[in-house]
Amino acid sequence: MALKGFLKLKYLLVAGVVLAAVGLFLAFGPPHLMAKTETPEFCASCHVMQSEYEAWSHQGAHRREQCVSCHLPHDNVAWYYTWKSIDGMKDVVFFYSGQVPERIEISEHGQEFVQDNCIRCHAATVDRMMNKDRKCWDCHRQLQHKLTGPRMTL
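Bear in mind that the values here come from a model prediction, so they are computed numbers and not experimental data.

## Quick notes on the overall build of the chain
Reasoning step 1: Looking only at helices and strands, the chain has nine helices and zero strands in total.
Reasoning step 2: Its helices and strands in sequence order give the chain the pattern α-α-α-α-α-α-α-α-α, from N to C terminus.
Reasoning step 3: Expressed as a percentage of its 154 residues, the buried residues of the chain come to 20%.
Reasoning step 4: A sequence separation of at least 24 residues applies to 53% of the contacts in the chain between residues at least 6 apart.

Given below as structure tokens:
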């Protein structure tokens with residue numbers, strides 16, 4: 001009986017090591033794969049975000065920034081890649097299962113990342129002038145992909 005449990009544990013351990021090796025290869029092995037997955041073109045290619053991409057690329061206030069600059073956490077590398085993986089796999093499942101919502105809205109944790117990144121990039125202005133209790137896009141509505149363009153803030 002103990003031998004059976006040992007063999008099961010051994011197989012699970014081997015499977016875990018193989019999965020980790022495959023994951024590391026896919027993440028860092030193929031040349032330029034990681035860099036490609038961080039481009040707005042990649043995000044728009046299978047993310048059903050074409051209208052958001054078009055709004056960002058033609059009129060977006062931050063059109064020189066990558067999607068990941070705003071939509072992923074930047075407080076440490078491990079956290080960044082953890083959420084990049086989680087959000088990426090979630091998007092793949094929604095896309096290939098045909099369950100993409102008609103109106104794509106940012107999640108609560110996504111809102112926290114965007115808010116933190118606004119403050120990170122605009123720290124000097126925020127520290128001097130802004131109320132950090134409000135979401136940046138409450139006033140800067142043109143930052144929302146579908147509302148981009150020459151609009152004034154409130």
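Additional details are given in the paragraphs that follow.
## Description of the nonpolar core
Reasoning step 1: Core analysis: the biggest nonpolar cluster contains five residues, these being Val68, Leu72, Tyr80, Trp83 and Phe113.
Reasoning step 2: Those residues in contact with tyrosine 80 that lie beyond four places of it in its chain are Glu38, Val68, Leu72, Pro73 and His74.

## Topic: the UniProt feature "binding site: a menaquinol" (unreviewed entry) in the chain
Reasoning step 1: Taken from the UniProt record, the annotation "binding site: a menaquinol" (unreviewed entry) applies to Cys67, Lys84 and Asp91. For the residues just named, distributed over 25 residues, the greatest C-alpha separation is only 14.1 Å, placing them together at one site.
Reasoning step 2: Considering the arrangement of structural elements, one finds cysteine 67 in helix 5 (residues 67–71).
Reasoning step 3: Given the relative accessible area of 22%, cysteine 67 is considered partly exposed.

## A word on helix 6 (residues 77–97)
Reasoning step 1: Taking 1.5 Å of rise per residue, the 21 residues of helix 6 would be expected to cover 30 Å, and the 30 Å separating its terminal C-alpha atoms lies within 8% of that figure.
Reasoning step 2: Every buried residue belonging to helix 6 is among Tyr80, Trp83, Lys84 and Asp87, and all of these are buried. Looking straight down helix 6, one finds its buried side chains confined to an arc of 110°; they lie on one side. Facing away from the buried side of helix 6 by more than 90 degrees, the exposed set consists of Ala78, Met89, Val93 and Tyr96.
Reasoning step 3: On the buried face of helix 6, the contacting elements are helix 2 (33–36), helix 5 and helix 7 (108–121).
Reasoning step 4: N-capping of helix 6 is provided by asparagine 76, with a side-chain oxygen placed 3.1 Å from the backbone N of alanine 78.
Reasoning step 5: Positioned one or two residues after helix 6, glycine 98 has a phi angle of 75°, which is positive.

## What about the pattern of salt bridges?
Reasoning step 1: Under the defined criterion, the tally for this structure stands at one salt bridge.
Reasoning step 2: Put simply, aspartate 87 and lysine 90 hold a salt bridge, and the shortest N to O gap is 3.9 Å. Placement of both aspartate 87 and lysine 90 in helix 6 is noted, with a separation of three residues, approximately one turn of the helix.

What counts, and at which threshold
- Residues numbered from 1 in each chain as written.
- Predicted model: local features only at pLDDT ≥ 70, side-chain atom pairs only at ≥ 80, totals over all residues.
- Heavy atoms only, no water.
- Helix = DSSP H or I, 4+ residues; strand = E, 2+ residues; numbered from the N terminus.
- Buried < 20%, exposed > 50% of the residue type's maximum accessible area, 1.4 Å probe, protein only.
- Contact = heavy atoms within 4.5 Å.
- Core = buried A, V, L, I, M, F, W, Y, C linked by side-chain atoms within 4.5 Å.
- UniProt positions renumbered as here; feature names shortened; annotations may be inferred.
- Expected span 1.5 Å × (residues − 1).
- Arc of directions from axis to C-beta.
- Polar contact = N/O pair within 3.5 Å; in protein donor to acceptor, adjacent residues only side chain to side chain.
- Salt bridge = Lys/Arg side-chain N within 4 Å of Asp/Glu carboxyl O.

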